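Below, each chain spelled out in residue letters.
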2 protein chains.
Amino acid sequence: MGLVVQKYGGSSVADAEGIKRVAKRIVEAKKNGNQVVAVVSAMGDTTDELIDLAEQVSPMPAGRELDMLLTAGERISMALLAMAIKNLGHEAQSFTGSQAGVITDSVHNKARIIDVTPGRIRTALDEGNIAIVAGFQGVSQDTKDITTLGRGGSDTTAVALAAALDAEVCEIYTDVDGVFTADPRVVKKARKIDWISFEDMLELASSGSKVLLHRCVEYARRYNIPIHVRSSFSSLPGTWVSSEPIEQGDKQVEQAIISGVAHDTSEAKITVVGVPDKPGEAASIFRTIADAEINIDMVVQNVSAASTGLTDISFTLPKTDGRKAIDALEKNKDRIGFDSLRYDDQIGKISLVGAGMKTNPGVTADFFTALSEAGVNIELISTSEIRISVVTRADDVPEAVRAVHTAFGLDSETDEAVVYGGTGR
Amino acid sequence: MGLVVQKYGGSSVADAEGIKRVAKRIVEAKKNGNQVVAVVSAMGDTTDELIDLAEQVSPMPAGRELDMLLTAGERISMALLAMAIKNLGHEAQSFTGSQAGVITDSVHNKARIIDVTPGRIRTALDEGNIAIVAGFQGVSQDTKDITTLGRGGSDTTAVALAAALDAEVCEIYTDVDGVFTADPRVVKKARKIDWISFEDMLELASSGSKVLLHRCVEYARRYNIPIHVRSSFSSLPGTWVSSEPIEQGDKQVEQAIISGVAHDTSEAKITVVGVPDKPGEAASIFRTIADAEINIDMVVQNVSAASTGLTDISFTLPKTDGRKAIDALEKNKDRIGFDSLRYDDQIGKISLVGAGMKTNPGVTADFFTALSEAGVNIELISTSEIRISVVTRADDVPEAVRAVHTAFGLDSETDEAVVYGGTGR
């Protein structure tokens, strides 16, 4: 008998009907001879509604109390889901993150899992129960306070439990049919990916693909837990994320040269103008940014003008951190020594991801050719072993993504992508 | 420095404004030099909404899961209240029933507190925090599952914590100004009671007064914790419930002869007709009722008719148990041996409560005279040391209560009673 961990996002359990539909699906997995652990997010917009309430009583809600508040959301959905399963004649018990043994550090609102001790889950399973577990939450090792894992935390809960319970697979149910070769809202002919390696999935996640978060994939790779991303609204197989290609029916899924095209319009670009081209200047700039606790993404330094000995340094960062970065740099302007700052939030990033790049030297050239033929101007370039990213005007992103998708033969014969609803957490 | 436990019901924290108002009140108590523990119910109609959701997914929700679900309600209100207090510049921490050390038996939906181990609360207080505690909930000693205490459970939480922390007083904040000499919705001239003994309060609670539940008063009496029932919407002193009269300003509050008039229209009457008047018959009837887990209230056996040797036995019980009692009796009709059953749910009970009865022999006569002058017919009578109760037609109850209230000189000079909102739990 296998052990399966399933995770259902907020849009899958948005109302009583959704909960009953998910209950049926869980019972099916149990009937197929599996032990089943289902990790569940808060219903629909519950989390946003609770945050709204918090803001009504306090402009800066305390982290500890915000976590206490938000974890009420999963408590509601998990209890209802257990009731719905029992109503179908199967035994089920719900567990909070704390009861499930999800031990975290003490960083409220974005805690990290440091251990999972699922003794009660194991007992419940051994007694024939389906175990329902609250996603997104844990308990601090040091203070015994309730913590939350931050956005996408329920996926991480599911993968961490799958690792601790040595599950065969972690199924992530969402409102799309799987991971696509591009965002189906932008590329109608995007194809569902049958299998993708952990490495390619990590690159897609850090390049703007929102189906799985980086942290969750990283965790699955470390413990080698296969993830199956699929829709809770259909019974089609979804996308497998694992170390080795899986077999589907009698056909072996092969490693694609290119996995997909991701895009991201959530970043801004800051250009530091007139920086003296001497050792330590870049370090000084990025130390300032790091001290403000801002993560930067791409960095490019221009060749300095021989006449002046000055250069420009550009980097990208989340738009939400733009104000903070500008303030931090201005405050240290004299110490760093630069002329001025330029801030640009009308940029977009397009990334091509695929392990095949390493052995196919023409990929980079084909990528630039496709962009050029689509009339898209490139502002910044950065590459890794299995990814090429460029920054363009934000307006050019949809056209650029479609052009690259077509150029690399990723288009499907039909418009197959279906998007069902919002996104969970 | 004193330690005060306060309890705020659902109507006091129905929305963000209510939570902010309650936060100010708690901070005031802290500023007055007290250590403060605030026990809070779920916001407004949250509990009913959650029960409604449960019924949508399962007609008979499992007790364990229903408790898990409902306890989300206090989690929300307590976290918001802690945030609101911190926003006023004071330190506060919220605790679930489990974190607060409220240990119960394992009877889901109506668990009983068997121990309180408030170590974390004590620590939080000693570190200068205001402690906010979820009412109505605890954790089972045996199974470690989350439990709830049933209706009125938050009051019991507050009293139990007050006892465990050796508090000076347990303040119960509600939507009325205190305990009244009669229900102000029925008697416009009802007076607020300044002080009432535990014993009289117990009789009022078991006679239909809804301000405090019997279990909570019983707990307070056992540990001798003074209760102060007052309104969260005004700053007037309310009603003190304690073993000895309290002093208010420079006047000593005296023991009243009569504390008040309570009424109850939630009961029904069953008459067992044609019971052989021989030993063991009554026992056989009430064993049947007890086996069905039904609590009965008043019992009256008629004098048997000499000609037949048969008698009638009448008793009252909650209307909600009526069907169950009739079924149980019918099923055992042959064994018990009676002719027929009469069921009557159009009855009401009026009770006069006061320790002064013991030493004022005229009270009973005055009570019956008042009812008779109001044209109210008496169907059943029962008495205790400090209470007389009668059963009448339900329609007669308001007039009967007003007549008795006036006859015993309880009417105030003015219409002082104010009712602010719904009732908490």
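The name recorded for chain A in an unreviewed UniProt entry is Aspartokinase, from Streptomyces echinoruber. Recorded in UniProt under Function (unreviewed entry), the annotation for chain A is "Catalyzes the phosphorylation of the beta-carboxyl group of aspartic acid with ATP to yield 4-phospho-L-aspartate, which is involved in the branched biosynthetic pathway leading to the biosynthesis of amino acids lysine, threonine, isoleucine and methionine." Comment text from UniProt for chain A, heading Sequence similarities (unreviewed entry), reads "Belongs to the aspartokinase family."

Undergrad: How would you summarise the sheet that holds strand S8 (residues 146-148) of chain A if you had to cite specific residues and measurements?
TA: Residues and elements named next belong to chain A. Spatial strand order, S5-S4-S7-S8: 4 strands in an open sheet with mixed pairing. The sheet terminates laterally at strand S5 (113-116) and S8, the two strands that pair on one side only. Strand-to-strand twist across the sheet, computed as the mean angle between neighbouring axes with direction ignored, equals 45°. Here strand S7 (residues 137-140) runs beside S8; their pairing, made up of 3 bridges, is antiparallel. If you follow glycine 138 over to S8, its bridge partner there is threonine 147.

Undergrad: I'd like a description of a negative patch on the surface, backed by residues and values.
TA: A surface patch of like charges, here negative, comprises Asp45, Asp48, Glu49, Asp52 and Glu55 of chain A. Relative to the helices and strands, aspartate 52 of chain A resides in helix H2 (residues 46-57).

Undergrad: Could you give me a rundown of the nonpolar core, with the residues and numbers involved?
TA: In terms of nonpolar packing, the biggest core is built from 76 residues, with Ile26, Leu80 and Ile132 of chain A together with Ile26, Leu80 and Ile132 of chain B touching the most fellow members. Excluding its chain neighbours within four sequence positions, the residues that come into contact with isoleucine 132 of chain B are Ile26, Ala38, Val40, Met78, Leu81, Ala82, Ile85, Gln93, Ser94 and Phe95 of chain B.

Undergrad: A description of the UniProt feature "domain: ACT" (unreviewed entry) in chain A should follow, citing residues and the corresponding values.
TA: According to UniProt, the positions carrying the feature "domain: ACT" (unreviewed entry) are residues 270-346 and 352-425 of chain A. Taken as a whole, residues 270-346 of chain A contains 32% helix and 31% strand, while its terminal C-alpha atoms sit 11 Å from one another.

Undergrad: Outline the packing of aromatic side chains, supporting the account with residue identities and numerical values.
TA: Taken as a whole and judged by the stated rule, the model has 8 aromatic pairs over all chains. Ring plane angle 40° and centroid distance 5.8 Å describe the contact between phenylalanine 367 of chain A and phenylalanine 368 of chain A, whose orientation is recorded as tilted. Residue classification places phenylalanine 367 of chain A among the buried positions, given a relative accessible area of 0%. Between phenylalanine 286 of chain B and phenylalanine 315 of chain B, the ring centres sit 5.4 Å apart and the planes meet at 75°, which makes this aromatic pair edge-to-face. Taken together, the positions of phenylalanine 286 of chain B in helix H8 (residues 281-291) and phenylalanine 315 of chain B in strand S18 (residues 310-318) put the pair 29 residues apart, joining distant regions of the chain. For the pair phenylalanine 286 of chain B and phenylalanine 315 of chain B, one class covers both residues: buried. Arginine 222 of chain A extends its terminal NZ or CZ atom over the ring of tyrosine 219 of chain A, reaching a point 5.2 Å from the ring centre. Lying across the ring of phenylalanine 95 of chain A, arginine 64 of chain B places its NZ or CZ 5.1 Å from the centre.

Thresholds, definitions, all that
- Residues numbered from 1 in each chain as written.
- Chains lettered and ligands numbered in written order.
- Predicted model: local features only at pLDDT ≥ 70, side-chain atom pairs only at ≥ 80, totals over all residues.
- Heavy atoms only, no water.
- UniProt positions renumbered as here; feature names shortened; annotations may be inferred.
- Pairing = 2+ DSSP bridges.
- Helix = DSSP H or I, 4+ residues; strand = E, 2+ residues; numbered from the N terminus.
- Axes fitted to C-alpha atoms, helices over the stretch in contact; angles between N-to-C directions.
- Patch = residues over 30% accessible without salt bridge, like charges linked within 9 Å, V, L, I, M, F, W, Y side chains within 5 Å.
- Areas by Shrake-Rupley, 256 points an atom, 1.4 Å probe, with all protein chains shown as cover.
- Salt bridge = Lys/Arg side-chain N within 4 Å of Asp/Glu carboxyl O.
- Lys, Arg positive; Asp, Glu negative; His and termini not counted.
- Charge placed at Lys NZ, Arg CZ, Asp CG, Glu CD.
- Core = buried A, V, L, I, M, F, W, Y, C linked by side-chain atoms within 4.5 Å.
- Buried < 20%, exposed > 50% of the residue type's maximum accessible area, 1.4 Å probe, protein only.
- Contact = heavy atoms within 4.5 Å.
- Phe/Tyr/Trp six-rings, centres within 6.5 Å; stacked < 30°, edge-to-face > 60°.
- Lys NZ or Arg CZ within 6 Å of the ring centre and 35° of its normal.

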